[in-house]
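A structural walkthrough
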Amino acid sequence: MTPFPKYLKLSAIAASGLILCAQGDQVPQHIDIKQLSKTVEDVVVPLPNEIFGALNKLGAVNWKEHVRSDKGTNFTERPRIALLLGTVIADGFIAVQAEDAPTVKEIGQRVLTLAKGIGVGNSITPHAKAIIEAADKRNWDGVRQELDRTQNSVQQAMNEVHDEKLSQLVSLGGWLRGTEVLTSVVSKHFSADGAELLHQPDLLSYFQTRLQAMPEFNVPIIREIENALGQVKPLIDVGKARIPPESVKKINEITTRLGGGITTRD
Amino acid sequence: MNASVKVLLRGSSLLAALIVLHPTVFASVDDAQSFALQAAEPYVKEGFQVREDYWGGDLASGEKKAVRQQLFKGNEYWFWLGTEVERAKISVHIYDSDGKLAEEPDGWQKGHFAAAHVIPKTTGSYFVIVNIEESPEERTHWALVYGFR
């Protein structure tokens, strides 16, 4: 069951969102999007494997070279733990793509440790167990499902205690790691279709807006990410034009640098 | 009448009152979500991964809501809409960032369930339009889930 705070959040979203007029049974072939809300408050941040799945269809990817299993630094600052948690969950999806069971199991354990670090360990224990069991059985779809459930449970638990901002940092951490891997793959074997997967300007704006609303998080990496997103935005917000190889490379440099900042102490 | 009997009677009256109240008094977005997930169930067997996260809220009869979603070319998506109000008629449709209908023709609408299918031609933002076409309730809870493969 979705907890009451989430219900409140959803109701608020619905109330603040755009209410359109009914148009009868005929499905209009065209709508005026200028009348639609410009906010992306309603956006569900895509999972890294949503992007990886699309990438896989463009050609074989050597996922093993992107697997990362180092335990990383133990942080005490909750925003840093939240960012790292999102990154580690994304690493879990990469390990699943590589069908690397030992790494998936390590990641399951690491997710649990990080979740405990921000006080939401209890809601994650069954998922961590399920990840490990599914990895043992090499049930990759099961691991993917459990990683999604893990992220959802972490965020739900955070929202329950009004830690929505930390919850957003979990999503951001995952998105940055996913983008780092996406740009790495596309840089090595450039294709216009691969680069097009970076066309996510609204999602980027969504994260920018969220970061701007976190002045209380006096953590250098947060400000660094905020600045970096400002550099990435013009590279991916190209309208109907194609994203060139040099932009992909540049985004990879930026996200790799940020990834290093998220996993290691300043 | 002793105090415990009074408490018992008062409790019974309250229980009776709760029973006769319309079920929708207690309904929530959670109930709507369980119907949306029910609509999604057969697609899991076809390889769709249904996201845990979802949208939801409540709308009056005849009202629509637009939500924006990032979709990736190469993937295939289904969006499933549900409500617990069985006599409601609901629909869901998907438009691209130019406002052009972007869905496949196999979307469907069956009373308090509806679904839309999209195979994005480009990567970018899409608009998912949720519509409570008819409902006997003043406000109708809705929930939208999606899956991809």
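Scroll up for the structure.
So, here's what we can say about the structure. Predicted, not measured: the structure shown is a model, and the values here were computed from it.

**Focus: the overall build of chain A**
- The helix and strand inventory of chain A stands at eleven helices and one strand.
- When the helices and strands of chain A are read in sequence order from the N terminus, they spell out α-β-α-α-α-α-α-α-α-α-α-α.
- Within chain A, the fraction of its 266 residues that count as buried is 44%.
- Of the contacts made within chain A by residues no fewer than 6 positions apart, 75% connect residues no fewer than 24 positions apart.

**Some thoughts on the packing of helix α4 (residues 101-117) of chain A against helix α5 (residues 121-136) of chain A**
All names here are of chain A.
- Relative to each other, α4 and α5 sit at 175°, their axes nearing to 9 Å. Considering the angle they form, α4 stands roughly antiparallel to α5. The segment α4 lies against α5, with Ala101, Val104, Lys105, Gly108, Gln109, Val111, Leu112, Ala115 and Lys116 engaging Gly121, Ile124, Thr125, Ala128, Ile131, Ile132, Ala135 and Asp136.
- When grouped by side-chain class, the residues that make up the contact of α4 with α5 number ten nonpolar, four polar and three charged.

**Looking at helix α2 (residues 48-56) of chain A**
- Extensive coverage of α2(A) is indicated by the burial of eight of its nine residues.
- Turning to α2(A), its buried residues number three or more, namely Pro48(A), Asn49(A), Glu50(A), Ile51(A), Phe52(A), Gly53(A), Ala54(A) and Leu55(A).
- Taken together, the buried residues of α2(A) touch α3 (78-97), α6 (140-160), α7 (164-188) and α8 (192-196) of chain A together with β9 (140-148) of chain B.

**As for the pairing of strand β5 (residues 89-95) of chain B**
All names here are of chain B.
- Taking burial as the measure, the seven residues of β5 include five buried ones, the bulk of the element.
- With seven bridges joining them, β5 and strand β8 (residues 124-134) adopt antiparallel strand pairing. Paired with Ile94 across the strands is Val128, a residue of β8.

**Let's talk about the nonpolar core**
- In terms of nonpolar packing, the biggest core is built from 109 residues, with Leu85(A), Ala36(B), Phe79(B), Leu81(B), Val92(B), Val128(B) and Leu144(B) touching the most fellow members.
- Among the elements that take part in this core, α3(A) stands out by supplying twelve residues, more than any other.
- Every residue in contact with Leu81(B), bar those within four places of it in the chain, is listed here: Ala36(B), Ile90(B), Val92(B), Ala114(B), Ala115(B), Val130(B), Trp142(B) and Leu144(B).

**Observations concerning helix α2 (residues 29-44) of chain B**
- Its 16 residues place the ends of α2(B) 22 Å apart at the C-alpha level, agreeing with the 22 Å of an ideal helix rising 1.5 Å per residue.
- At Gln38(B), α2(B) shows its maximal kink, close to 30°; a proline, Pro42(B), follows between one and four residues later.

**Some remarks on the packing of helix α9 (residues 201-212) of chain A against helix α10 (residues 220-236) of chain A**
All names here are of chain A.
- Direction vectors running N to C along α9 and α10 enclose 155°, while the axes themselves pass 10 Å from each other. As far as their axial angle goes, α10 and α9 are roughly antiparallel. By crossing handedness, the relation of α9 to α10 is classed as left-handed. Of α10, the residues touching α9 (which contributes Pro201, Leu204, Phe207, Gln208 and Leu211) are Ile222, Ile225, Glu226, Leu229, Val232, Lys233 and Ile236.

**Let's talk about the pairing of strand β7 (residues 113-118) of chain B**
Residues and elements named next belong to chain B.
- Relative to β7, strand β4 (residues 77-82) runs antiparallel, the two being bridged by six bridges. Bridge pairing links Trp80 to Ala115 in β7.
- In this structure, strand β6 (residues 108-110) lies alongside β7, joined through three bridges in antiparallel fashion. From the neighbouring strand, Gln109 faces β7, where its bridge partner is Ala114.
- Connecting the antiparallel pair β6 and β7 is a turn made up of two residues, with Gly111 showing a positive phi of about 55°.

**Focus: unusual backbone geometry**
All names here are of chain A.
- The phi dihedral of Glu99 falls on the positive side, at around 55°, and the residue is not glycine.
- By the secondary structure assignment, Glu99 is in the loop between α3 and α4.
- Assessed through the 15 C-beta atoms surrounding it within 10 Å, Glu99 is described here as partly exposed.
- With phi around 60°, His162 is a residue other than glycine that occupies positive phi space.
- Inspection of the secondary structure assignment puts His162 in the loop between α6 and α7.

**Let's talk about the environment of Glu138(B)**
- Its place among the elements puts Glu138(B) in the loop between β8 and β9.
- Here Glu138(B) falls in the exposed class, since 9 other C-beta atoms lie within 10 Å of it.

**Looking at the interface of chain B and chain A**
- Contacts between chain B and chain A engage 39 residues on the former and 43 residues on the latter.
- Counting residues per element, the ones that place at least two in the side of chain B that touches chain A are α2, β2 (55-59), β3 (64-71), β5 and β8 of chain B.
- Its residues assigned to classes, the side of chain B that touches chain A shows nine nonpolar, 18 polar and twelve charged.

Criteria and cut-off values
- Residues numbered from 1 in each chain as written.
- Chains lettered and ligands numbered in written order.
- Predicted model: local features only at pLDDT ≥ 70, side-chain atom pairs only at ≥ 80, totals over all residues.
- Helix = DSSP H or I, 4+ residues; strand = E, 2+ residues; numbered from the N terminus.
- Buried ≥ 20, exposed ≤ 12 C-beta atoms within 10 Å, placed from the backbone.
- Contact = placed C-beta atoms within 7 Å.
- Axes fitted to C-alpha atoms, helices over the stretch in contact; angles between N-to-C directions.
- Parallel < 35°, antiparallel > 145°, perpendicular 65-115°, else oblique.
- Nonpolar A, V, L, I, M, F, W, Y, C, P; charged D, E, K, R; others polar.
- Pairing = 2+ DSSP bridges.
- Core = buried A, V, L, I, M, F, W, Y, C linked by C-beta atoms within 7 Å.
- Expected span 1.5 Å × (residues − 1).
- Bend = angle between axes of the 7 residues up to and from the residue.
- Left-handed = near helix turned anticlockwise from the far one by under 90°.

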